[in-house]
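# Geometric and topological summary
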Amino acid sequence: MKFSQIASTLLLGASGAVAIDVEWTNEQSIKTGMKTVATDMVSYYTGYRPGDVPGNLPAPYYWWEAGAMFGALIDYWYYTGDTEWNAITTQAMLHQIGPDQDYMPPNQSKSLGNDDQAFWGMAAMSAAENRYPDPPADQPGWLALAQAVFNGQTTRWDNETCGGGLKWQIYPFNNGYNYKNTISQGCFFNIAARLGRYTGNSTYTKWASKAWEWTQAAGLMSQDYHFYDGTDDKLNCTQLNHIQWTYNAGVFLYGAATMWNISAENGDEQGIWRERTEGIIKGLSVFVSNEAQNVMTEVACEPNDKCNIDQRSFKAYLSRWMASSMKVAPWTADMLQPILEASRQAAVKICNAGDNSRQCGLRWYTGTNDGSFGVGEQMSVLEVMGTALIHTVAGPLTNKTGGTSRGDPNAGAHSAKAPIIYDEVTLGDKAGAGILTAIILIGILGGAWWIIA
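The structure presented is a predicted model; accordingly, all values stated were derived computationally and were not measured.

### Comments concerning empty space enclosed by the protein
Applying the stated criterion across every chain yields a total of 1 cavity of 30 Å³ or more. The computed volume of the largest cavity comes to approximately 130 Å³. Forming the boundary of the largest cavity are 15 residues, of which Asp75, Tyr78, Asn130, Tyr254 and Ser324 lie nearest the centre. When residues of the lining of the largest cavity are traced back to their parent elements, those giving at least two are α3 (63-80), α5 (114-129) and α11 (314-328).

### Considering the environment of tryptophan 24
Mapped onto the elements of the fold, tryptophan 24 is located in the loop between α1 (3-13) and α2 (27-42). Judged by its relative accessible area of 22%, tryptophan 24 falls in the partly exposed class. Tryptophan 24 has contacts with Ile30, Arg344, Gln345, Val348, Met385 and Ala388, leaving out every residue within four places of it along the chain.

### Some thoughts on the packing of aromatic side chains
For any pair of aromatic rings, geometry is given as the distance between the ring centres together with the angle between the planes. For the structure shown, the criterion picks out 34 aromatic pairs. Plain terms: the ring middles of tryptophan 168 and tyrosine 179 are 6.0 Å apart, the flat faces sit at 70 degrees to each other, and that makes the pair edge-to-face. Here tryptophan 168, found in the loop between α6 (142-154) and β1 (179-181), pairs with tyrosine 179, found in strand β1; they are 11 residues apart in sequence, far enough to count as distant. Residue tryptophan 168 is classed as buried on the basis of its relative accessible area, which comes to 14%. The interplanar angle of 25 degrees and the centroid separation of 5.9 Å between the aromatic rings of phenylalanine 189 and tryptophan 273 together place this pair among those described as stacked. Taken together, the residues span a long stretch of sequence, with phenylalanine 189 in helix α7 (residues 182-199) and tryptophan 273 in helix α10 (residues 272-283) at a distance of 84 residues. When the ring centre of tryptophan 85 is taken as origin, the NZ or CZ atom of lysine 35, which lies over that ring, is 5.9 Å away. Directly above the aromatic system of tryptophan 331 lies the positively charged group of arginine 274, at a separation of 4.0 Å from the ring centroid.

### Side note on the sheet that holds β1
Taken together, 3 strands build an open sheet; the order of strands is β1-β2-β3 and the sheet is antiparallel. Strand pairing shows two members of the sheet lacking a second neighbour, β1 and β3 (240-241), which therefore form its edges. Where β1 lies against strand β2 (residues 230-232), 3 bridges are found, and the strand directions are antiparallel. When the sheet's bridge partners are listed, asparagine 181 is paired in β2 with glycine 230.

### So, α6
Between its terminal C-alpha atoms α6 stretches 19 Å, which fits the 18 Å expected from 13 residues at 1.5 Å a residue. Across the 13 residues of α6, 13 count as buried, placing the element largely inside the fold.

### A short note on the state of the cysteines
Per the counting criterion, the structure on display carries 3 disulfides. Between cysteine 351 and cysteine 360 runs a disulfide, and the two sulfur atoms are separated by 2.0 Å. When the S-S torsion is 105 degrees, as for the bridge of cysteine 351 with cysteine 360, the disulfide is right-handed. With respect to class, cysteine 351 is no different from cysteine 360; both count as buried.

### Description of the pattern of salt bridges
Pairs can form between side chains of opposite charge once their charged atoms are near each other. Scanning the model with the defined rule gives 15 salt bridges in all. In this structure, glutamate 84 and lysine 35 form a salt bridge, with 3.4 Å as the shortest nitrogen-oxygen distance. Of this pair, glutamate 84 sits in the loop between α3 and α4 (86-95) while lysine 35 sits in helix α2, and the two are 49 residues apart along the sequence. Among the residues examined, glutamate 84 registers a relative accessible area of 16% and is labelled buried. A salt bridge links glutamate 302 to lysine 315; the shortest N-O distance between them is 2.5 Å. Within this pair, whereas glutamate 302 is found in the loop between α10 and α11, its partner lysine 315 is found in helix α11, the two being separated by 13 residues in sequence.

Calculation notes
Residues numbered from 1 in each chain as written. Predicted model: local features only at pLDDT ≥ 70, side-chain atom pairs only at ≥ 80, totals over all residues. Heavy atoms only, no water. 1 Å grid on protein atoms, 1.4 Å probe; cavity = no way out; pocket = protein on both sides within 12 Å on 5 of 7 lines; lining within 4 Å. Points joined across faces, edges and corners; volume = space filled by probe spheres on them. Helix = DSSP H or I, 4+ residues; strand = E, 2+ residues; numbered from the N terminus. Buried < 20%, exposed > 50% of the residue type's maximum accessible area, 1.4 Å probe, protein only. Contact = heavy atoms within 4.5 Å. Phe/Tyr/Trp six-rings, centres within 6.5 Å; stacked < 30°, edge-to-face > 60°. Lys NZ or Arg CZ within 6 Å of the ring centre and 35° of its normal. Pairing = 2+ DSSP bridges. Expected span 1.5 Å × (residues − 1). Disulfide = S-S within 2.5 Å. Salt bridge = Lys/Arg side-chain N within 4 Å of Asp/Glu carboxyl O.

Structure, rendered in structure tokens:
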């Protein structure tokens with residue numbers, strides 16, 4: 001599709017003035033509703049316009065959320081088969097890879113975090129798993145791009161403080177460089193687990209286990225599987241920010257479910273990864289509203305009306321990863337479906353405001369539109385709507401079950417201090433829990449200092 005056609009489609013698509021009405025037992029009705037929500041989400045994007053930068057959302061949105069949005073459009077295609085936005089999605093996903101093809105474009109260096117890079121890497125991983133149309137032959141494959149993000153982050157694993165972990169920011173001149181936040185660990189864990197499942201190589205799963213064990217040892221994951229925001233490595237990670245966000249629980253949930261899937265393939269269906277996955281699901285109760293049964297809420301900021309631009313999108317990722325978890329660990333469906341069903345019904349009911357009378361709000365549990373509009377609000381509703389179609393699509397593929405994306409085990413390794421050595425893939429490879437060699441002193445302090453991941 002030519003960009004002039006894309007622009008025309010976007011402008012026409014955003015002009016309807018009707019609220020969204022979905023018949024949840026009708027697959028076509030769900031897809032039609034999703035297209036309406038997606039149209040309004042993409043209406044905020046300007047990167048397809050001549051002279052604009054493909055892959056960037058305009059201010060006040062940060063670069064990472066654009067990667068998350070294109071991940072949502074990959075999900076949209078996966079659920080609906082609609083190719084409406086594939087052209088701008090592929091264009092953006094390739095334009096932002098940077099000169100080293102690892103999602104580290106130089107123009108983002110002033111705010112580039114490990115989690116920011118990882119959201120683009122996770123979108124590429126979804127493209128590989130779902131067999132989204134491949135890039136042109138002269139471009140890296142989706143799998144290679146995800147591998148590049150993983151490889152780059154292994155070189156930044158920081159053993160100088162706190163016994164390990166990833167810093168939030170990649171460059172020392174950025175504010176937050178001393179913060180080791182949970183979402184950076186979770187994204188790395190998520191990508192590593194999924195690469196391990198896709199390729200069958202235990203190097204990835206060993207890193208996934210290492211990331212899990214460090215997060216737990218640092219106190220960022222409690223015994224009842226509540227995930228806290230982060231910790232300061234200048235204090236040797238002895239003080240924690242106890243704020244909880246939906247996306248931290250979600251990113252670890254899908255990674256743990258994937259690790260269970262790998263373990264089950266190797267004959268261990270009842271082991272530690274089942275226990276961990278179940279624990280995370282039980283811990284999701286903190287994100288269920290007291291005002292509407294089973295409806296998701298961003299508990300740290302929705303009730304007090306303090307959600308910033310980033311946080312308004314977080315429920316999108318919890319919804320996304322809950323659905324994905326049901327595909328790799330089908331036994332989780334009975335626990336997750338009640339939350340997803342109630343949340344999507346509540347979410348769509350408040351897509352009835354704004355200039356076109358169909359913009360989606362933030363607080364699903366209220367039953368009324370709160371006037372909070374934007375990419376995050378639209379993306380959250382789009383992702384939770386898609387979960388109604390999860391039973392109609394295949395689960396994430398591997399290179400043994402139909403995945404065809406081109407990989408490169410050494411992608412992104414240009415910054416490595418030594419060559420990356422991968423384990424030989426064997427049928428006996430199992431995901432094992434790593435053991436940290438450093439002892440981390442954990443201070444359970446109740447004060448929460450407000451640093452947003």
